[in-house]
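# Report on the structure
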Amino acid sequence: FQPSGLKFNPASPAQLRISYAAANGDLDRDGAVDRIDDSLETRLAIWRQETPGTPFERLMSLISTSNHDVRASLTGFSRYAVSY
């Protein structure tokens, strides 16, 4: 998100919701929806990369398995991704 470095009020953080519904349940993309995918779903989180080339940091995230999305509170603009 731009502008990079913009900070939000920590008392009223922005909320980011990223859907993983397009994976159709096959989170490991092996062609089968199985218990491995169920296990991976419980480990999903939103990750932040402050600047290119630095490691991603896992954010405290909420998973909604019924809506197939992951949500996190944000304190600023940066790069974000969903991963397990």
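Residues numbered from 1 in each chain as written. Predicted model: local features only at pLDDT ≥ 70, side-chain atom pairs only at ≥ 80, totals over all residues. Heavy atoms only, no water.

For the chain, the count of helices and strands is 1 helix and 6 strands. Ordered by position in the sequence, the α and β elements of the chain form the string β-α-β-β-β-β-β. Residues classed as buried in the chain amount to 25% of the 84 residues present. Summing over all exposed atoms, the chain offers an accessible surface of approximately 5700 Å²; the carbon and sulfur share of this is 54%. Taken together, the 9 basic and 10 acidic charged side chains of the chain have centroids lying 9 Å from each other. (Helix = DSSP H or I, 4+ residues; strand = E, 2+ residues; numbered from the N terminus. Buried < 20%, exposed > 50% of the residue type's maximum accessible area, 1.4 Å probe, protein only. Areas by Shrake-Rupley, 256 points an atom, 1.4 Å probe, with all protein chains shown as cover. Lys, Arg positive; Asp, Glu negative; His and termini not counted. Charge placed at Lys NZ, Arg CZ, Asp CG, Glu CD.)

With 11 residues, the main nonpolar core is built from Leu16, Tyr20, Leu27, Leu40, Leu44, Ile46, Leu59, Val70, Ala72, Leu74 and Tyr80. With 3 residues, strand E5 (residues 69–74) is the largest single contributor of residues to this core. Contacts of Leu44, omitting those with residues within four sequence positions, involve Tyr20, Leu27, Arg58, Ile63, Val70, Val82, Ser83 and Tyr84. (Core = buried A, V, L, I, M, F, W, Y, C linked by side-chain atoms within 4.5 Å. Contact = heavy atoms within 4.5 Å.)

With that settled, the discussion passes to the sheet that holds strand E6 (residues 79–83). Ordered by their spatial adjacency, 3 strands build an open sheet running E3-E2-E6, and the pairing between neighbours is antiparallel. On the outer flanks of this sheet lie strand E3 (57–58) and E6, each paired with one strand and no other. Summarising the sheet, strand E2 (residues 45–49) and E6 pair through 5 bridges and their orientation is antiparallel. In the sheet register, Arg48 faces E6, and the bridge partner there is Tyr80. (Pairing = 2+ DSSP bridges.)

You will see that Asn24, though not glycine, has its phi angle at about 50 degrees, which is positive. Mapped onto the fold, Asn24 is located in the loop between strand E1 (14–19) and helix H1 (35–42). The backbone phi angle of His68 is positive, close to 55 degrees, even though this residue is not glycine. Its place among the elements puts His68 in the loop between strand E4 (61–64) and E5.

On to the pairing of E4. As judged from the 4 bridges shared by E4 and E5, these two strands associate in the antiparallel manner. Pairing of Ser61 across the sheet is with Ala72, part of E5. Joining the antiparallel neighbours E4 and E5 is a turn of 4 residues, in which His68 adopts a positive phi near 55 degrees.

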